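# Fold and contact review
If you want the building blocks of each chain, they are given just below.
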Amino acid sequence: MSDVTIIGGGIVGLCTALALQDDGLSVELVDRGLAAAGASYGNCGLLAVGEVVPISKPGVIPKIPKWLLDPQSPLFVRPKQMITQLPWLLRFLWSGRRNRVLEIAEAMAPLTRRAGDDYRALFAQAGISDNLVPAENIMAFNSKADYEADRFAWDLRRRHGFNHSFLTREELRSLEPALAGPVSCGVLLEGWLQFSDPGLVQQRLARFLVSRGGKLRRGSVQRIETAGNKAVAICLAGGARIPVRRLAICAGAWSGRLVSDLGIKVPIAALQGYHHHVPEPGVKLNRAVLYPNGGFVLTPMESGLRIGGTIEVAGHDPRPNFGRADIIARKAVDILPGLDITGGQQWMGPRPFMPDTLPVIDRAPNHGNVVLAFGHGQVGMTLSATTGKIVSDLVAGRPSGLDLSPYRSTRF
Ligand SMILES: Cc1cc2nc3c(=O)[nH]c(=O)nc-3n(C[C@H](O)[C@H](O)[C@H](O)COP(=O)(O)OP(=O)(O)OC[C@H]3O[C@@H](n4cnc5c(N)ncnc54)[C@H](O)[C@@H]3O)c2cc1C
């Protein structure tokens with residue numbers, strides 16, 4: 001039996017397993033083997049260090065009616081989900097009040113601030129340092145008014161030390177000559193970096209884990225078996241029962257059902273995102289470009305150009321609506337006129353989202369040998385190396401140097 005069994009082989013589970021190995025523990029990682037279905041495979045690959053301001057923030061509520069009625073908007077709720085997801089949506093909007101957003105940013109900043117260093121150390125160990133690309137991201141806007149409309153968020157980021165510099169149309173074009181169309185200005189996001197390709201990073205970290213003696217097991221966990229105040233086994237589809245010594249639950253958007261076996265109720269939603277990935281885009285970008293007017297990000301990756309983003313409230317494991325990916329691909333051509341989107345691969349995957357955008361990183365309240373690490377929302381790729389370190393601190397009983405109370409599972 002391994003020292004720690006980890007459920008979920010996305011970026012959170014992998015980084016957690018690797019950090020536990022650093023402490024000399026043996027690990028077994030269990031995943032359904034559908035890596036491409038997890039958010040970690042298809043995300044936009046940004047190390048978004050300044051993303052400390054949640055999506056639900058002052059000024060968002062007035063935009064909601066327009067978004068709900070417009071299937072092309074960056075946030076769309078499938079009509080049937082309007083009722084089932086209403087309690088979650090109300091909590092999400094309630095978290096967007098000014099004072100709560102200030103607290104959320106305060107809780108997010110200590111995590112994102114160390115994200116780059118934690119990844120640099122991990123990637124150096126794994127021999128994949130070049131998988132973190134040093135080109136800083138830019139955000140492009142149709143007008144200066146669009147940039148200024150988010151003044152609250154810019155000021156809040158700056159207050160936490162995440163700075164940006166404004167770019168005129170000419171400065172933007174000199175950094176990214178291919179950007180044209182309606183884009184008229186932008187900002188350089190200082191310290192925001194990108195991964196060379198999230199799916200390949202995942203594969204390479206899994207290989208590193210195995211090279212250090214870690215075990216990968218393919219299986220779908222149906223149930224966690226407990227005895228008293230301990231988890232004692234996980235039961236897989238097909239009937240296998242695996243005894244566990246310690247358990248880490250890192251199952252992304254699917255974690256809610258698993259933790260209910262431990263009597264834990266967490267309001268976690270699966271906010272679907274899409275990508276359209278073009279192997280031969282016909283245009284060159286030097287860095288990732290965020291385009292809030294269109295609700296998507298353009299990221300040049302090892303395997304081509306990724307157009308990714310949009311948020312769809314569609315429930316757990318919905319059938320993909322690739323019309324959403326078509327929309328962002330068409331909008332991308334507007335700002336990158338030379339872009340060839342033919343032959344693109346389309347993907348849908350769920351952001352594991354808590355109403356307040358903060359992750360759960362915690363010990364299970366009533367089961368001393370279980371740790372929880374999920375709910376990283378739109379910044380899970382950014383936060384995973386740091387999350388892994390914190391989980392290893394929790395398992396070792398070491399102080400992490402951070403106040404972990406904002407990430408408790410019982411905060412709702
Ligand atoms: C379109 C899009 C763009 C994004 N862009 C960025 C970005 O630029 N930067 C950033 O920081 N973040 C980004 N994110 C968010 C980020 O991708 C996620 O927060 C992160 O990948 C979550 O990682 P995870 O390991 O928790 O979950 P996942 O990657 O979803 O992994 C969960 C794993 O658990 C497994 N699993 C679940 N249930 C079971 C079970 N019962 N038994 C066995 N295995 C199970 C699944 O198979 C899966 O492999 C984006 C997300 C999306 C959708």
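Data block above holds the structure.
Residues numbered from 1 in each chain as written. Predicted model: local features only at pLDDT ≥ 70, side-chain atom pairs only at ≥ 80, totals over all residues. Heavy atoms only, no water.

Position of Asn-369 relative to the elements: it lies in the loop between β20 (360–363) and β21 (370–374). With relative accessibility at 8%, the residue Asn-369 sits in the buried group. Here Ala-231 takes part through its backbone oxygen, which lies 2.8 Å from a polar atom of the side chain of Asn-369. Those residues in contact with Asn-369 that sit more than four places away from it in its chain are Asn-229, Lys-230, Ala-231, Arg-245, Arg-246 and Leu-247. (Helix = DSSP H or I, 4+ residues; strand = E, 2+ residues; numbered from the N terminus. Buried < 20%, exposed > 50% of the residue type's maximum accessible area, 1.4 Å probe, protein only. Polar contact = N/O pair within 3.5 Å; in protein donor to acceptor, adjacent residues only side chain to side chain. Contact = heavy atoms within 4.5 Å.)

A few words now on the packing of aromatic side chains. Scanning the model with the defined rule gives 12 aromatic pairs in all. Where Trp-88 meets Phe-353, the ring centres are 6.3 Å apart and the plane angle is 85 degrees; that geometry is what we call edge-to-face. Placement of the pair is Trp-88 in helix α5 (residues 86–94) and Phe-353 in strand β19 (residues 345–353), with a sequence separation of 265 residues. The pair Trp-88 / Phe-353 is uniform in exposure class, with both members buried. Between the aromatic rings of Phe-123 and Phe-195, the centroid separation amounts to 6.1 Å while the plane-to-plane angle is 65 degrees, which identifies the pairing as edge-to-face. Taken together, the residues Phe-123 in helix α6 (residues 98–126) and Phe-195 in strand β9 (residues 193–195) connect sequence positions 72 residues apart. For the pair formed by Phe-123 and Phe-195, the shared burial category is buried. Of the aromatic side chains, those joined through ring pairs into one cluster are Phe-141, Tyr-147, Trp-154 and Phe-166. Against the face of Trp-254 rests Arg-32, its NZ or CZ located 4.6 Å from the ring centre. (Phe/Tyr/Trp six-rings, centres within 6.5 Å; stacked < 30°, edge-to-face > 60°. Lys NZ or Arg CZ within 6 Å of the ring centre and 35° of its normal.)

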